[in-house]
Amino acid sequence: MEANVTIYVTGYCPYCTRAKALLSQKGVKYTEVNVESRDDLRRWMHQASGQRTVPQIFINGQSVGGFSDIAALDKAGQLDPLLAKPAGPDSPAMPR
Ligand SMILES: N[C@@H](CCC(=O)N[C@@H](CS)C(=O)NCC(=O)O)C(=O)O
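Predicted, not measured: the structure shown is a model, and the values here were computed from it.

> Go over the site of the ligand, please, and point to the residues and values.
Taken together, T10, C13, P14, Y15, C16, T53, V54, P55, G66, F67 and S68 make up the full set of residues near the ligand. Of all the secondary structure elements, the ones that give two or more residues to the shell around the ligand are helix 1 (14-25) and helix 3 (67-75). A per-element tally of the shell around the ligand places helix 1 first, with 3 residues. Across the shell around the ligand, the residue classes tally to 7 nonpolar, 4 polar and no charged.

In structure tokens form, the structure reads like this:
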């Protein structure tokens, strides 16, 4: 698993916990960004993903949605291939 994975979270967030557990279970090393008190990052997250909830997960700069989205991708056998892609540039530019 080599892809560049970033997960945007808040402090108390059961779906974030589940998303991180799923990624960790797969041995994925991800970058975690807490947007709790960062309105600027929340705005960016919304623009980039089209969603306001957390978590929001990006794989090689591509928005793949929240926990239920990656769980569905996993169930369909489509998550591992995304995670196996070589790390690409973070695009669109990701603020931290
Ligand atoms: N289907 C979404 C649900 C995400 C969700 O409801 N997250 C909660 C926090 S755990 C949330 O963002 N609530 C609204 C908010 O915090 O603004 C997923 O699986 O990621």
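> Residue-level account of the pairing of strand 3 (residues 56-59), with values.
Along strand 3, one buried face is formed by Q56 and F58 and the opposite face, lined by I57 and I59, is buried too. Note that strand 1 (residues 5-9) and strand 3 share 4 bridges and pair antiparallel. Bridge pairing in strand 3 places Y8 opposite Q56. Two elements, strand 3 and strand 4 (residues 62-65), share 3 bridges in a ladder whose sense is antiparallel. Bridge pairing in strand 4 links F58 to S63.

> Account for the pairing of strand 2 (residues 30-34), naming residues and giving values.
Across 5 bridges, the pairing between strand 1 and strand 2 is parallel. Along strand 2, the bridge assignment pairs V5 with Y30. Read as a crossover between parallel neighbours, the route from strand 1 over helix 1 to strand 2 is right-handed.

The rules behind these values
Residues numbered from 1 in each chain as written. Predicted model: local features only at pLDDT ≥ 70, side-chain atom pairs only at ≥ 80, totals over all residues. Near = placed C-beta within 6 Å. Helix = DSSP H or I, 4+ residues; strand = E, 2+ residues; numbered from the N terminus. Nonpolar A, V, L, I, M, F, W, Y, C, P; charged D, E, K, R; others polar. Buried ≥ 20, exposed ≤ 12 C-beta atoms within 10 Å, placed from the backbone. Pairing = 2+ DSSP bridges. Right-handed = clockwise from strand over helix to strand, strands pointing away.

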